[in-house]
Amino acid sequence: MATATARAIDPFNTSFTGRTLNLSPSDALATFDDGVPSTLSAYLPVSIDSPVALESAWSFWHDKFIGPSQTPEEYEASLHRLCTFSTVQDFWKNFNNMPPAERLKPRSSFHMMKAGIR
């Protein structure tokens with residue numbers, strides 16, 4: 001059995017246990033380096049591969065600051081939808097691929113709003 005090794009985190013208090021966790025390719029069985037078996041599925045409420053649906057769909061938006069005297073119509077025209085997502089996995093896929101905030105122009109911003117709201 002081929003194994004991958006990672007530092008183990010205690011799921012109940014989120015502190016490092018100091019033991020090494022050896023993962024099997026199926027991710028269903030694991031053993032610690034001291035030989036104590038562990039079942040990862042006991043710590044996971046759902047399968048890693050199944051999507052976790054959000055209660056509502058959400059969208060990321062970007063707005064370019066025009067100035068304090070902008071009208072609501074000008075503000076709405078400067079607001080651009082970047083993406084919409086409805087699962088936890090899609091949130092992280094989109095969030096992790098957004099440009100970092102320090103690359104935004106001054107006074108422009110990202111927003112996250114329920115889908116359909118601008």
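The present account deals with the structure reproduced in this document. (Residues numbered from 1 in each chain as written. Predicted model: local features only at pLDDT ≥ 70, side-chain atom pairs only at ≥ 80, totals over all residues. Heavy atoms only, no water.)

Quick look at the overall build of the protein chain
Part 1: Looking only at helices and strands, one finds two helices and seven strands in the protein chain.
Part 2: Secondary structure elements of the protein chain occur, N-terminal to C-terminal, as β-β-β-β-β-α-β-α-β.
Part 3: Counting across all 118 residues of the protein chain, residues that qualify as buried make up 20%.
Part 4: When contacts within the protein chain are restricted to residue pairs at least 6 apart in sequence, long-range pairs at least 24 apart make up 45% of them. (Helix = DSSP H or I, 4+ residues; strand = E, 2+ residues; numbered from the N terminus. Buried < 20%, exposed > 50% of the residue type's maximum accessible area, 1.4 Å probe, protein only. Contact = heavy atoms within 4.5 Å.)

Notes on the pattern of salt bridges
Part 1: Following the criterion strictly, the structure yields one salt bridge and no others.
Part 2: The salt bridge partner of Lys93 is Asp90, with a shortest N-O separation of 3.2 Å. Note that Lys93 and Asp90 are positioned in helix 2 (residues 88–95) at a spacing of three residues, about one turn of the helix.
Part 3: Taking the relative accessible area as the measure of exposure, Asp90 reaches 26% and is therefore partly exposed. (Salt bridge = Lys/Arg side-chain N within 4 Å of Asp/Glu carboxyl O.)

Considerations on the packing of aromatic side chains
Part 1: This structure, assessed with the given rule, holds seven aromatic pairs.
Part 2: Centre to centre, the rings of Phe60 and Phe95 are 6.4 Å apart; their planes meet at 35 degrees, and the pair counts as tilted. On the criterion of sequence distance, the pair formed by Phe60 in strand 5 (residues 53–63) and Phe95 in helix 2 is long-range, its members being 35 residues apart.
Part 3: For Phe60, a relative accessible area of 6% gives the class buried.
Part 4: Here Phe91 and Phe95 contribute two aromatic rings whose centre-to-centre distance is 5.5 Å and whose plane-to-plane angle is 15 degrees, an arrangement assigned as stacked. Here Phe91 and its partner Phe95 are both found in helix 2, four residues apart, which amounts to about one turn of the helix.
Part 5: Residue Phe91 is classed as buried on the basis of its relative accessible area of 17%.
Part 6: Of the residues examined, Phe95 reaches a relative accessible area of 40% and is grouped as partly exposed. (Phe/Tyr/Trp six-rings, centres within 6.5 Å; stacked < 30°, edge-to-face > 60°.)

Description of the sheet that holds strand 5
Part 1: Strand order across the open sheet formed by three strands is 6-5-7, with antiparallel pairing between neighbours. A single partner strand is all that each edge strand has here, and the edge strands are strand 6 (79–87) and strand 7 (109–114). Along the sheet, successive strands turn relative to each other by an average axial angle of 25 degrees, direction set aside.
Part 2: Pairing of strand 5 with strand 6 involves seven bridges; the strand directions are antiparallel. Paired with Ser59 across the strands is Thr84, a residue of strand 6.
Part 3: Packing against the sheet, helix 2 makes contact with strand 5, strand 6 and strand 7, and its axis sits at approximately 145 degrees to strand 6. (Pairing = 2+ DSSP bridges. Axes fitted to C-alpha atoms, helices over the stretch in contact; angles between N-to-C directions.)

So, the nonpolar core
Part 1: Counting residues in hydrophobic clusters, the biggest one holds five residues: Phe60, Cys83, Phe85, Phe91 and Met98.
Part 2: Setting aside residues no more than four positions away along its own chain, Phe60 makes contact with His80, Arg81, Leu82, Cys83, Phe85, Phe91, Asn94, Phe95, Met98, His111 and Met112. (Core = buried A, V, L, I, M, F, W, Y, C linked by side-chain atoms within 4.5 Å.)

The values reported here are purely geometric and, on their own, carry no functional implication.
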